[in-house]
Amino acid sequence: MAHETKTWRCGKYELKFDRPRIMGVLNVTPDSFSDGDEGNLDVDAAVARGVAMLDAGADIIDVGGESTRPGFTPVTPDEEAKRVLPVIRALAQRGAIVSVDTRHVEVAKAAVRVGASIINDVTGFTDPKMVEFVKSSKCGVVIAHAGELAEPAARAHKEVQLDTSAAAFVAEKARAAAAAAAAEAAAAAAPKKRSRAAGAMRLVGGLVQPQLPFADIPNGSAAAAEKEAAKEQDAASTEASAAPEAAPAPAPEAAQNDQLAALMARAARHEEAYVSTSQLRRFTLPDSAPIMRRVMGFLSDQARALVHAGVARERICIDPGAGFGKGTNEDIIIQRETAKMASLGYPLMCAVSRKRFVGAVSGVTEAADRDAATFGVCLGAIQNGANVVRVHDVAGFAQFLNGYWAVARPQPRRAFVALGSNLGRRMDNIRAAKDLIAEIPLTCVSNCSRIYESEPAYEERQEPFANAVIEIRTELAPLVLLDELMKIEDALGRNRTKSARPNGPRTLDCDLLWMDGEVHGGDKLRLPHPKLGERDFVLIPLEDLMHDPARFFRYEGVDVKEPEDRVGHVTGELGVL
């Protein structure tokens, strides 16, 4: 499937999609559409929210300092940088994969310098300066489709009175036949050469088929602008006749000079950005072809332009930009066509969390109450090939995804768990832990190292440790597996009170060292284990399970130290598991 074959290189990280990845939304703004609050500007509180999302299951934290909701007020790059840079730096230091949600190249450059690994540009890298920057860096990029940034000029609309009587039909048929005869006479008198656009399809009985509105019209062409203007003018005249006293409020001066702000303001005034829905039609949704040509054409063109500029293909992720310059019908059509966008070959993001169209289809007015409906839309996207899901409620969605994935996608993955004990019957503690691990749901023990004795690490005033490493296969998410390992520690008498020294004596210590395809940051779990490469009492047992573990983990990005520079050196062998 699509999410099993793609990878996304983001700086020093490589994300694999054997499982959908969760991007947590962290707004450092006072005016976000779903969680805006002056308290969001507190750096410590923002960092705490980011860490909480990591510990709840987020793979990526997307930090934004400028709201792009409909009617937003643009902020300067300096103000945006002041909001996001301290938060990005703190989260990156905790091992997080951090994305910066920005359209300003100055902010993007500064964010990458302090640790951001991804640039999420809502304007789709249409700024040549942004392209110039990303081609010289190694960060991942998200190309988003934000709709047409220029509002088409208005055109006078002629109202038509329809008469469906039989007499009117006969009269119309006669007029059409006369018009066809006149057209033939004119064509006979005129030169033979004529444009393709002027041609019309002849029907039986002398009638002329008018040109259908679904032809391939270049995005942004004069013809497209003319059609779009006519449709918007039609919608505007309908609204004016229904409520002549309601005039739109003037946009702030800053927004008037900002193309993206103008686009979102227009989206707030007109529900439909592409195809007018004010006219009667016989289908519940507009035709999908012109909408998907625009969205997929833009995404593929921008991705191709970045590749030609020197950005590696595996660094690119695409996002159809739900809610940006689009109405409910367009957003639903785009979500239904997820499989087509996934077929472009790039990792695909589903960023629909709490959006307006989610509220429209679920009947939920308040944005903050749309999480359950968001999960439903995201599930549909995942089933059709979406790889990254951008959500506000990380804890809820991680629980939702873990439940779905356990029954829908059999996915045993290899992991290594280190066991250590220096209190009580050390070897019995380790053997008991191995047996309890084998009883964890969706988990089996596939191999075990011998048991080794090692010097104490980090705190030398204690008894030597007995250590071993076991190899497992598990279908659990990393944080779920970690919770199970902590339960085993508790069952075997691990002391977690304040009196327990951080690296002091213990009946049992279970460390999740590494899991296939997983990179994770936060306070609760770091993968790969941040101290794996310096622990002799881990690397020596691993030699029983694989050839040259030092080489293997260096390839995985772990800084593996030479034996003489390690801690907790192995001093002997105690037995077998």
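Throughout what follows, the structure given in this document is the object of discussion. (Residues numbered from 1 in each chain as written. Predicted model: local features only at pLDDT ≥ 70, side-chain atom pairs only at ≥ 80, totals over all residues. Heavy atoms only, no water.)

**Here we look at the sheet that holds strand β11 (residues 349–350)**
With parallel pairing, eight strands are arranged side by side in an open sheet as β10-β7-β6-β5-β4-β3-β12-β11. On the outer flanks of this sheet lie β10 (316–319) and β11, each paired with one strand and no other. Looking at chain direction, strand β4 (residues 60–64) and strand β5 (residues 97–101) are connected through five bridges and run parallel. Within the sheet, the bridge partner assigned to Asp62 lies in β5 and is Ser99. Those strands touched by helix α3 (residues 77–93) are β3 (21–27), β4 and β5, and its axis lies near 160° from that of β4. (Pairing = 2+ DSSP bridges. Helix = DSSP H or I, 4+ residues; strand = E, 2+ residues; numbered from the N terminus. Contact = heavy atoms within 4.5 Å. Axes fitted to C-alpha atoms, helices over the stretch in contact; angles between N-to-C directions.)

**A few points about the packing of aromatic side chains**
What characterises a pair of aromatic rings is the spacing of the ring centres plus the angle enclosed by the ring planes. Under the counting rule described, the total for this entry stands at nine aromatic pairs. When the centroid spacing of 6.3 Å and the interplanar angle of 80° are considered together, the rings of Trp514 and Phe553 count as edge-to-face. A residue pair is termed long-range when its members are at least 10 positions apart, and Trp514 in strand β17 (residues 509–515) and Phe553 in helix α19 (residues 549–555) qualify at 39 residues. Its relative accessible area of 0% is what places Phe553 among the buried residues. Three or more aromatic residues joined by ring pairs make a cluster, and in this case those are Phe416, Trp514, Phe552 and Phe553. Between Arg313 and the ring centre of Tyr346, over which it is positioned, the NZ or CZ distance is 4.1 Å. A cation over an aromatic ring shows up here: Lys531 above the ring of Tyr458, its NZ or CZ 4.6 Å from the ring centre. (Phe/Tyr/Trp six-rings, centres within 6.5 Å; stacked < 30°, edge-to-face > 60°. Buried < 20%, exposed > 50% of the residue type's maximum accessible area, 1.4 Å probe, protein only. Lys NZ or Arg CZ within 6 Å of the ring centre and 35° of its normal.)

**A look at the pattern of salt bridges**
Counted according to the given criterion, the structure contains 35 salt bridges. Note that Asp371 is salt-bridged to Arg354, the shortest N-O span being 2.9 Å. Highlighted residues: Asp371 in helix α14 (residues 371–383) and Arg354 in the loop between β11 and α13 (356–362), separated in sequence by 17 residues. Accessibility classification places Asp371 together with Arg354 in one group, the buried group. Across the pair Glu471 and Arg473 runs a salt bridge, and its minimum N-O distance is 3.0 Å. Relative accessible area serves as the criterion here: at 7%, Glu471 is assigned to the buried category. Each of Glu489, Asp490, Arg494, Arg496, Arg506 and Asp509 takes part in one network of salt bridges that share partners. (Salt bridge = Lys/Arg side-chain N within 4 Å of Asp/Glu carboxyl O.)

**Focus on the packing of helix α10 (residues 288–309) against helix α11 (residues 328–336)**
Contact geometry of α10 with α11 gives a least axis separation of 10 Å together with a crossing angle of 75°. By the angle class used here, α10 and α11 are roughly perpendicular. Residues Ser288, Ile291, Met292 and Val295 of α10 form the contact with α11, whose own contacting residues are Glu330, Ile333 and Ile334. Taken together, the residues that form the contact of α10 with α11 break down as five nonpolar, one polar and one charged. (Parallel < 35°, antiparallel > 145°, perpendicular 65-115°, else oblique. Nonpolar A, V, L, I, M, F, W, Y, C, P; charged D, E, K, R; others polar.)

**Quick notes on the environment of Pro478**
With respect to the helices and strands, Pro478 occurs in helix α17 (residues 478–491). Judged by its relative accessible area of 9%, Pro478 is buried. Taking C-alpha positions, Pro478 is 8.4 Å from Leu525, a pair spaced 47 residues apart along the chain. Setting aside chain neighbours within four positions, we find Pro478 in contact with Arg413, Leu512, Met515, Glu518, Leu525 and Leu527.

**Some points on the nonpolar core**
Residues Val63 and Leu91 are the most contacted members of the largest nonpolar core, which totals 75 residues. For this core, the element with the highest residue contribution is α10, accounting for eight residues. Non-local contacts of Leu91, meaning those with residues more than four positions away in its chain, are made with Leu26, Val47, Gly50, Val51, Ile61, Val63, Ala96 and Val98. With 24 residues, the next largest nonpolar core counts Ile430, Leu508, Met515 and Leu527 among its residues. (Core = buried A, V, L, I, M, F, W, Y, C linked by side-chain atoms within 4.5 Å.)

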